[in-house]
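What follows is each chain in one-letter form.
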There are 2 protein chains.
Amino acid sequence: MPAPPWRKSRRPAQVKRQQLSQELIVETGLRILDAEGFDALSMRRVAQELDTGPASLYAHVSGKEELLELIYDRVLSEVRLPEPDPARWKEQLREYALEVHRVFRDHADVARAALANIPTGESSLLAGEFTYGLLIEAGMPPVEASLAMDRLTLYLVGDAYEGSLHWARMRAAGMSGPEEYFQAFVAQIIAYYEGLPRERFPHLSKHVKDLTAGDGEDRFTYGLELLLDGIEARMPKA
Amino acid sequence: MPAPPWRKSRRPAQVKRQQLSQELIVETGLRILDAEGFDALSMRRVAQELDTGPASLYAHVSGKEELLELIYDRVLSEVRLPEPDPARWKEQLREYALEVHRVFRDHADVARAALANIPTGESSLLAGEFTYGLLIEAGMPPVEASLAMDRLTLYLVGDAYEGSLHWARMRAAGMSGPEEYFQAFVAQIIAYYEGLPRERFPHLSKHVKDLTAGDGEDRFTYGLELLLDGIEARMPKA
DNA sequence: TTTAGTGACGAACGGCGTTCGTGTCAAGTA
DNA sequence: TACTTGACACGAACGCCGTTCGTCACTAAA
């Protein structure tokens, strides 16, 4: 006996629906984050991408905050850690920092979810163990090694965060590539700084060109070397 | 002749209404920021505080983003700058950093509005001129001085940002003072880290106590000295 | 075959930033 | 003095957001 035509079947194509899962949600969130940026990442957007309503996500994730943490740790899992070699602690710390920097650049906006999270995810912990172990085995006192690790991490995340805000602005301005944005941005700054009154801002207005020198990479490296040198100066002599 | 009773007077007490102005809006926003935190600061909340509707603000401020920038610069104006003395550049830079740190602590959440803003406000520019001039006059090449200033600023704001996120958590947990939060927080971390498998995280689990040593102030100072020492090592000899 | 439990999800709540159109009033002009 | 003009104030609405509630379809145990 056929169903009466006015009774619409409730779930037209249920069979093909893939199961929701935390992993699927995290992966989808990361995809949105990479493609459309932090501001576009909402629970509703993730649900839409999965052809469902926002309420469905809450069975697998306690809320947006947890989702962000999960995405962050998922990204950190892309960081490749070498076998620790305390004799080369400085080189290895530098390589580690550059590796994290690279991963953060590939997932620009993930840093917005990162600051002030005590690492509890698997990948964060592994990264922490690597850094901390390296400093300890190189001879640094435990308390100081904690501070050094903490500051280095703050630097990595802080720099990435700043970069991601620039990225967001670029997107908001409707630009396609970093070059275009960078160019327009620098031009703006130069124009503004050159218009400053010389007597009140003698140094800034004199060195406008130098102020805008160096891209993000240069700046990151410079700050990194500052920190590493500072740490080295405090490392007990072998 | 009395007005018909059904026609309610449109503006009951118009006389006493104070004029809106950009300064008033900024000051109100800052008050909310300090008292209730970043997440409580909304256009509607500011308008409410001024006994008006949110639309009224847009005559004086282009939007929330501009409001945040204005508040940020307003806060920076509390930073007191000494007369530059290049011979004492390191001390002065340290004092400057501590002064900024102090101001950011008084207005915890303002750092959330600060990252990635090329300084265009009056106070930001004055701070920049101070820092930059100090490095230049101390003998640092202009390009390198730009990098050093940039990284130092990033550190100041990044640290404050992290602190403000902690503050927000504290508020969300309904705690009253930093001590209570700090205590609960540290206890949580210790418990978690002690539960880690020893074989995978030998260093982390061995030095749990040391990992949580040092309060925010200690950490800030340590990172600051790292940077300053790094800069000093690059400063051409006098 | 009944029951208990779980995941999916439509609908709604309260909040957000911002825009539109209208209303009011003061200053300038004829 | 009468009229025009323009700036400001603001109620209402639009389209978002995160989250919660109650209900429904379905599965697995009893």
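Rules used in this analysis
Residues numbered from 1 in each chain as written. Chains lettered and ligands numbered in written order. Predicted model: local features only at pLDDT ≥ 70, side-chain atom pairs only at ≥ 80, totals over all residues. Helix = DSSP H or I, 4+ residues; strand = E, 2+ residues; numbered from the N terminus. Rg over C-alpha atoms; globule rule 2.2 N^0.38 Å. Buried ≥ 20, exposed ≤ 12 C-beta atoms within 10 Å, placed from the backbone. Contact = placed C-beta atoms within 7 Å. Least-squares fit on C-alpha atoms with pLDDT ≥ 70 in both. Core = buried A, V, L, I, M, F, W, Y, C linked by C-beta atoms within 7 Å. Axes fitted to C-alpha atoms, helices over the stretch in contact; angles between N-to-C directions. Parallel < 35°, antiparallel > 145°, perpendicular 65-115°, else oblique. Left-handed = near helix turned anticlockwise from the far one by under 90°. Nonpolar A, V, L, I, M, F, W, Y, C, P; charged D, E, K, R; others polar. Near = placed C-beta within 6 Å. Expected span 1.5 Å × (residues − 1). pLDDT = per-residue confidence, 0-100.

### Looking at the overall build of chain A
Stage number 1. A tally of regular secondary structure across chain A gives ten helices and zero strands.
Stage number 2. When the helices and strands of chain A are listed from N to C terminus, the series reads α-α-α-α-α-α-α-α-α-α.
Stage number 3. Here the C-alpha radius of gyration of chain A, 24 Å, is well above what a compact globule of 238 residues would show, namely 18 Å.
Stage number 4. Along the three orthogonal principal directions, the C-alpha set of chain A runs to about 85 × 55 × 25 Å.
Stage number 5. When burial is assessed residue by residue, chain A has 35% of its 238 residues classed as buried.
Stage number 6. A sequence separation of at least 24 residues applies to 66% of the contacts in chain A between residues at least 6 apart.

### Here's the deal with the relation of the copies chain A and chain B
Stage number 1. The two copies are related by a screw motion: chain A maps onto chain B through a turn of 180° and a shift of 0.0 Å along the axis, at an RMSD of 0.0 Å. Read as a symmetry element, the transformation amounts to a two-fold axis.
Stage number 2. Mapped onto chain B, 100% of the interface residues of chain A are again interface residues, and the two copies thus contact each other with one and the same surface.

### A closer look at the nonpolar core
Stage number 1. Core analysis: the largest hydrophobic core is formed by 109 residues, its most contacted members being A:Ile71, A:Val110, A:Leu135, B:Ile71, B:Val110 and B:Leu135.
Stage number 2. Excluding its chain neighbours within four sequence positions, the residues that come into contact with B:Leu135 are B:Trp89, B:Met140, B:Ala145, B:Ala148 and B:Met149.

### A word on the packing of helix 4 (residues 89-106) of chain B against helix 6 (residues 142-172) of chain B
Residue and element names in this part refer to chain B.
Stage number 1. Orientation of helix 4 relative to helix 6, taken along the N-to-C sense of each, is 30°, at an axis distance of 10 Å. Considered as vectors, helix 4 and helix 6 are oriented roughly parallel to each other. In the packing of helix 4 onto helix 6, the handedness of the crossing is right-handed. Contacts from Ala97, Val100, His101 and Phe104 of helix 4 reach helix 6 at Leu152, Leu156 and Ala160.
Stage number 2. Each residue belonging to the contact of helix 4 with helix 6 can be placed in one class, and the counts come to six nonpolar, one polar and no charged.

### A few points about the protein's contact with DNA strand C
Stage number 1. Taken together, the neighbourhood of DNA strand C is formed by 22 residues, with A:Thr52, A:Ala55, B:Ser42, B:Ala55 and B:Gly63 sitting nearest.
Stage number 2. When contributions to the surface near DNA strand C are tallied by element, the ones reaching two or more residues are helix 2 (43-49) and helix 3 (64-76) of chain B.
Stage number 3. Of the residues forming the surface near DNA strand C, the biggest block, three residues, is contributed by helix 2 of chain B.
Stage number 4. Broken down by class, the residue content of the surface near DNA strand C amounts to eight nonpolar, seven polar and seven charged.

### Section: unusual backbone geometry
Stage number 1. Residue A:Asp51 is not a glycine yet carries a positive backbone phi of 55°.
Stage number 2. As for its placement among the helices and strands, A:Asp51 is situated in the loop between helix 2 (43-49) and helix 3 (64-76).

### Re the protein's contact with DNA strand D
Stage number 1. The full set close to DNA strand D counts 21 residues, and A:Ser42, A:Ala55, A:Gly63, B:Thr52 and B:Ala55 are the nearest of them.
Stage number 2. Of all the secondary-structure elements, those providing two or more residues to the surface near DNA strand D are helix 2 and helix 3 of chain A.
Stage number 3. At three residues, helix 2 of chain A tops the list of elements feeding residues into the surface near DNA strand D.
Stage number 4. Looking at the surface near DNA strand D residue by residue, the classes come out as eight nonpolar, seven polar and six charged.

### A word on the interface of chain A and chain B
Stage number 1. Chain A puts 42 residues into the contact, and the matching count from chain B is 42 residues.
Stage number 2. For the side of chain A that touches chain B, the secondary-structure elements that each account for two or more residues are helix 5 (122-137), helix 6 (142-172), helix 7 (178-194), helix 8 (202-206), helix 9 (208-211) and helix 10 (216-234) of chain A.
Stage number 3. Counting residues per element, the side of chain A that touches chain B draws most heavily on helix 6 of chain A, at 13 residues.
Stage number 4. Of the residues contributing to the side of chain A that touches chain B, the split by class is 23 nonpolar, eleven polar and eight charged.

### Quick word on the packing of helix 6 of chain A against helix 10 of chain A
Residue and element names in this part refer to chain A.
Stage number 1. Contact geometry of helix 6 with helix 10 gives a least axis separation of 11 Å together with a crossing angle of 175°. On the basis of the axis angle, helix 6 is roughly antiparallel to helix 10. Mapping the contact onto sequence places Glu144, Ala148, Arg151, Leu152, Tyr155, Asp159 and Gly163 in helix 6 and Gly216, Phe220, Gly223, Leu227, Ile231 and Arg234 in helix 10.

### Observations concerning the environment of B:Ala35
Residues and elements named next belong to chain B.
Stage number 1. Relative to the assigned elements, alanine 35 resides in helix 1 (residues 22-36).
Stage number 2. Given 9 C-beta atoms within 10 Å, alanine 35 falls into the exposed group.
Stage number 3. When the C-alpha atoms of alanine 35 and alanine 108 are compared, they prove to be 9.8 Å apart, with 73 residues separating the residues in sequence.

### Some remarks on the environment of B:Gln19
Residue and element names in this part refer to chain B.
Stage number 1. Mapped onto the secondary structure, glutamine 19 falls in the segment before helix 1.
Stage number 2. Exposure remark for glutamine 19: the 5 C-beta atoms within 10 Å place this residue in the exposed category.
Stage number 3. Sequence separation between glutamine 19 and leucine 50 is 31 residues, and the spatial gap between their C-alpha atoms is 9.8 Å.

### Things to note about helix 10 of chain A
Stage number 1. Helix length check: helix 10 of chain A, at 19 residues, gives a terminal C-alpha distance of 28 Å against a target of 27 Å (1.5 Å per residue), a fit within 8%.
Stage number 2. Burial in helix 10 of chain A covers these residues: A:Phe220, A:Gly223, A:Leu224, A:Leu226, A:Leu227, A:Leu228, A:Gly230 and A:Ile231.
Stage number 3. Contact partners of the buried residues in helix 10 of chain A: helix 4 (89-106) and helix 6 of chain A together with helix 6 and helix 10 (216-234) of chain B.

### Focus on the confidence of the model for chain A
Stage number 1. For chain A, mean pLDDT is 89; residues scoring 70 or higher make up 92% of the total.
Stage number 2. For the stretch residues 1-17 of chain A, pLDDT sits under 50, and the model shows zero contacts to residues farther than four places along the chain or on other chains.

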